[in-house]
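An overview of the molecular structure
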Amino acid sequence: MSIDSHSQAAPSAGYDADSTGHWGRFGGRFVPEALVAALDELTAAFEQARTDPDFIATLAHLQRTYTGRPSPITDAARLAEHAGGARILLKREDLNHTGSHKINNVLGQALLTQRMGKTRVIAETGAGQHGVATATACALLGLECTVYMGAEDTRRQALNVARMKLLGAEVVAVQTGSQTLKDAINDAMRDWVTNVDRTHYILGTVTGPHPFPTMVRDFQRVIGDEARQQVLDLTGGLPDAVVACVGGGSNAMGIFTAFLDDSDVRLYGFEAGGDGVETGRHAARMAGGSPGVLHGTRTYVMQDEMGQTVPSHSISAGLDYPGVGPQHAWLHETGRATYAPVTDAEAMAAFELVCRTEGIIPAIESAHAVAGALQVGRDLGPDAVLLVNLSGRGDKDVETAASWFGIATEEGGA
Amino acid sequence: MSSLPGLFERTRAEGRAALIGYLPAGFPTVEGAIDAMLAMVEGGVDAIEVGLPYSDPLLDGPTIQAAVDRALQSGANTGDVLDTVRAVARTGVPTMVMSYWNPIERFGVDRFAHELSEAGGSGVITADITPEEAGAWLTASEREGLDRIFLVAPSSSDQRVALTTAAASGFVYAAAVMGVTGARDQVAPAARQLVERTRAQTTLPICVGLGVSSGSQAAEIAQFADGVIVGSAFVRALLEAESPADGIDRVRSLAAELRAGVETQGGPR
């Protein structure tokens, strides 16, 4: 990996989308007309809810008593020895109920579903984390739940399929296209346009048509809002850098947002470099993609010269997506955040390091952020303070990791 | 006459609805698709929609997805789409492209509009953009004299129908149902209501698509709409064919059945 740490320009005022969901040329609403009414309804419901004291109190109560917020900060001293001595503070989203940051967004949107008087929820999922979180929230609130998951992913993540079913959700194995996350999103959109009168689509990340990128970011910004205060309390100052992995980009927007106006705080997003950007087998949209339209928004997309989506590749299912949230595209274009790829091998080395030095088995997604942070720490030096979003736990990845490291699992019958 | 206004002038004079047929370019092959479209014209289709195959067709049901996947696997690209338009437009029927937005944006909006116009194309049906996101396309289509066909849906408010029809030309595509493309057994009552609401906002012809597959359904829609759009049923005819020649025969006879349908009931009153 290489990081150009000199490219960060001073921020211009305001990082919100305009009233139609555009950040410059990115974002917007590229959808069939049939969905516009539902998106307008959702926008109105969200605008109303976000300032409604009852809604805010209900969500805060759930975050405290159900998710387990605020999530703690762990001062990772032994890990820091491998980052040039820079101080590494881990924001522990892995300790949330259901095991990742995904629950933050899902609870907000599930409450919105109730407010809109809808009784059915659909969702897409790749690795299964967003699907499990959605099934969880639907069980809690008594909503009908259908999760679309690529057939390829249902085989790779059989445990999460079982979790969703235990929670009462229907899981649809998507057989079309590449049978992965992007095709699950296509099928979820098809379901939504057919059943939109009683169904809300809980999109799991900061992409899709307006208002999803803004709404999901706002439900995730609790991560950075908490962390900013926690770092101030702990160190007396702001961090020098905030580091996150970027698939669709919801955990990254969640932790970045509180720091966007702090121009001295560097923001780093690490994408999946797969086998290496030069091989074509990766999910590094900024380095290896180009501006285009996918799943309702204009953003950086992995595509060929004819505008056909090119399949992405990553050892991490949660980062294995050919598009990225439009606000990330904007932060990349304006230089406010720096994006760089982390290869499968670099991520797995960091995965092992976090296990051995901190006693934390991270999600492979989050290991990409750690791998990036090790490099950023070496670049910024031992006085630097790095805030790293540990977005999820690695229980779901044990089999992948065991296989990667050649750990025999025969006795477990795996 | 190969313009859409000319077509609807003629069908109105004949007291019937127009029949518009869709097939994706490149399925089963580029040449095979052209042959099938020519057979549709022989069978009585008045205008052709050439589908631009796209990797993520989120408004399409399983039938069209299957055809488009096969077209992409065999390498069909935007150049093939333009070649297909050229071959079909030569017959004199208005020939449009139906596309998702990204392939057009990637090709270059101005370049696509120019080359489509040169190929004899009449316009573009855009599946996943509304007028709000269509600024570059409105400019390019104006310059090249191409019609821009936008969709209205049962969920569209009257205000949105007004906005959409104001930006449209050629005709307005009324989606008969909430959902994706694919044959359905019945014509939904929503279709007639949507056409009536759209009629109140525009003098443009209104054509109904999504879910129409039989002559009797075409006849029913011809009672209240200016045109009937059929896609998945033609694709299914090709998918189920036992040989290329059989596919051509099936497409031609389906076209004839649908044409008889749009002629039985007379045009809109």
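Before reading on, note that the structure itself is shown above.
What counts and what doesn't
Residues numbered from 1 in each chain as written. Chains lettered and ligands numbered in written order. Predicted model: local features only at pLDDT ≥ 70, side-chain atom pairs only at ≥ 80, totals over all residues. Heavy atoms only, no water. Helix = DSSP H or I, 4+ residues; strand = E, 2+ residues; numbered from the N terminus. Rg over C-alpha atoms; globule rule 2.2 N^0.38 Å. Buried < 20%, exposed > 50% of the residue type's maximum accessible area, 1.4 Å probe, protein only. Contact = heavy atoms within 4.5 Å. Buried area = accessible area lost by both parts, 1.4 Å probe. Salt bridge = Lys/Arg side-chain N within 4 Å of Asp/Glu carboxyl O. Polar contact = N/O pair within 3.5 Å; in protein donor to acceptor, adjacent residues only side chain to side chain. Pairing = 2+ DSSP bridges.

What to know about the overall build of chain A
Helix and strand counts for chain A stand at 16 helices and 15 strands. Since a compact globule built from 414 residues should have a radius of gyration of about 22 Å, the 20 Å found for chain A is in line with a globular shape. With 414 residues in all, chain A has 64% of them scored as buried. The long-range share in chain A, meaning contacts at least 24 apart out of those at least 6 apart in sequence, stands at 75%.

Let's talk about the interface of chain B and chain A
Reports of interface size often rely on the accessible area that becomes lost once the parts have come together. Contacts between the two partners involve 33 residues from chain B and, on the opposite side, 33 residues from chain A. For the pair chain B and chain A, the summed buried area comes to about 2,800 Å², and 49% of that belongs to carbon and sulfur atoms. On the chain B side of the contact with chain A, Leu58(B), Arg106(B) and Glu133(B) bury the most area, a combined 24% of that side's loss. In this structure, the connection of chain B to chain A is made through three salt bridges. Where Asp56(B) meets Lys182(A), a salt bridge forms, and the shortest distance between an N and an O atom there is 2.9 Å. At the boundary of chain B and chain A, one finds 20 residue pairs in polar contact (both at pLDDT 80 or more). The set of elements that each furnish at least two residues to the side of chain B that touches chain A consists of helix H3 (62–73), helix H5 (101–107), strand S6 (151–152) and helix H8 (158–167) of chain B. Broken down by element, the residue count for the side of chain B that touches chain A peaks at five residues, all from H5(B).

Considerations on the pairing of strand S3 (residues 95–99) of chain B
Residues and elements named next belong to chain B. Within S3, five of the five residues are buried, which leaves the element mostly enclosed by the surrounding structure. Where burial is concerned, the two faces of S3 agree: the one with Thr95, Val97 and Ser99 and the one with Met96 and Met98 are both buried. By the bridge criterion, four bridges tie S3 to strand S4 (residues 123–126) in an arrangement that is parallel. Bridge pairing links Ser99 to Thr126 in S4.

Observations concerning the environment of Leu167(A)
Residues and elements named next belong to chain A. Positionally, Leu167 belongs in the loop between helix H7 (158–166) and strand S7 (170–174). Leu167 sits in the partly exposed class, given a relative accessible area of 32%. Between the alpha carbons of Leu167 and Cys138 there is a distance of 8.5 Å; along the sequence they are 29 residues apart. Look past the residues within four positions of Leu167 in its chain and what remains in contact with it is Val132, Ala135, Thr136 and Ala139.

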